[in-house]
Amino acid sequence: MSASEYDELPALTDDMLVRATVNRGGRPRSASNKVLLSVRYSREVVDFFRATGEGWQSRMDGALKDYVAQHSRR
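Rules and cut-offs
- Residues numbered from 1 in each chain as written.
- Predicted model: local features only at pLDDT ≥ 70, side-chain atom pairs only at ≥ 80, totals over all residues.
- Heavy atoms only, no water.
- Helix = DSSP H or I, 4+ residues; strand = E, 2+ residues; numbered from the N terminus.
- Areas by Shrake-Rupley, 256 points an atom, 1.4 Å probe, with all protein chains shown as cover.
- 1 Å grid on protein atoms, 1.4 Å probe; cavity = no way out; pocket = protein on both sides within 12 Å on 5 of 7 lines; lining within 4 Å.
- Points joined across faces, edges and corners; volume = space filled by probe spheres on them.
- Nonpolar A, V, L, I, M, F, W, Y, C, P; charged D, E, K, R; others polar.
- Axes fitted to C-alpha atoms, helices over the stretch in contact; angles between N-to-C directions.
- Parallel < 35°, antiparallel > 145°, perpendicular 65-115°, else oblique.
- Left-handed = near helix turned anticlockwise from the far one by under 90°.
- Contact = heavy atoms within 4.5 Å.
- Polar contact = N/O pair within 3.5 Å; in protein donor to acceptor, adjacent residues only side chain to side chain.
- Salt bridge = Lys/Arg side-chain N within 4 Å of Asp/Glu carboxyl O.
- Buried < 20%, exposed > 50% of the residue type's maximum accessible area, 1.4 Å probe, protein only.

> How do you make sense of the overall build of the protein when you look at a structure like this?
Per the secondary structure count, the protein includes four helices and zero strands. Of the regular secondary structure in the protein, the N- to C-terminal order runs α-α-α-α. Taking the principal axes of the C-alpha coordinates as reference, the protein spans close to 70 × 30 × 20 Å. As displayed, the protein offers around 7,700 Å² of accessible surface, 52% of which is attributable to carbon and sulfur atoms.

Listed below in structure tokens is the structure:
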């Protein structure tokens, strides 16, 4: 905005300030219970999933969940 554009803005009133809300920004909290960690995977695994396009990390998570489901039903 240029300085002259500020002249067009209405003056803040006490009522406006009372109704104001603070947007803290950032991503909304997810309902899932994911854990942030650092892991090293082989280049071929990462290249394979990256080649599948956007959302590759979610697909990788899905593949690992499938593995866990198959191997924990003994």
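Back to the text.
> I'm lost on the layout of surface pockets in this one. Help?
Over the atoms, a rolling probe the size of a water molecule traces out where space has been left empty. Roughly 890 Å³ of internal volume is contained in the largest pocket. Looking at the largest pocket, it is lined by 21 residues, and the ones nearest its centre are Lys34, Val35, Leu36, Gln57 and Asp61. Per-class residue counts for the lining of the largest pocket are nine nonpolar, six polar and six charged.

> Can you walk me through the packing of helix H3 (residues 43-50) against helix H4 (residues 56-71) in this structure?
When two helices pack together, their arrangement is given by the angle between the helix axes and the distance between those axes. Between H3 and H4, the shortest axis-to-axis distance is 8 Å and the interhelical angle comes to 120 degrees. Between H3 and H4, the angle is such that the two are oblique. In this structure, H3 crosses over H4, and the sense of that crossing is right-handed. Facing Val45, Val46, Phe49 and Arg50 of H3, the residues of H4 in contact are Trp56, Arg59, Met60 and Ala63. Among the residues making up the contact of H3 with H4, the classes are represented as six nonpolar, no polar and two charged.

> Where do I start with the environment of Thr52 in this structure?
By secondary structure assignment, the location of Thr52 is in the loop between H3 and H4. Taking the C-alpha atoms as reference points, Thr52 and Ser2, 50 residues apart in sequence, are found 45 Å from one another. At a separation of 2.5 Å, a polar atom in the side chain of Thr52 contacts the main-chain carbonyl oxygen of Phe49. Among the polar contacts listed, one links the side chain of Thr52 to the side chain of Arg59, at a separation of 2.9 Å.

> Whenever I open this one, the pattern of salt bridges confuses me. Can you help?
Where charged atoms from two side chains of opposite charge come close, those side chains can pair. Within the structure shown, the criterion is met by three salt bridges. The shortest N-O distance in the salt bridge between Asp15 and Arg19 comes to 3.2 Å. Of this pair, Asp15 and Arg19 both sit in helix H2 (residues 14-19), four residues apart, which is roughly one turn of the helix. Under the relative-accessibility criterion, Arg19 is labelled exposed at 57%. For the salt bridge of Lys65 with Asp61, the shortest nitrogen-to-oxygen distance reads 3.4 Å. Of the two residues, Lys65 and Asp61 both sit in helix H4, four residues apart, roughly one turn of that helix.

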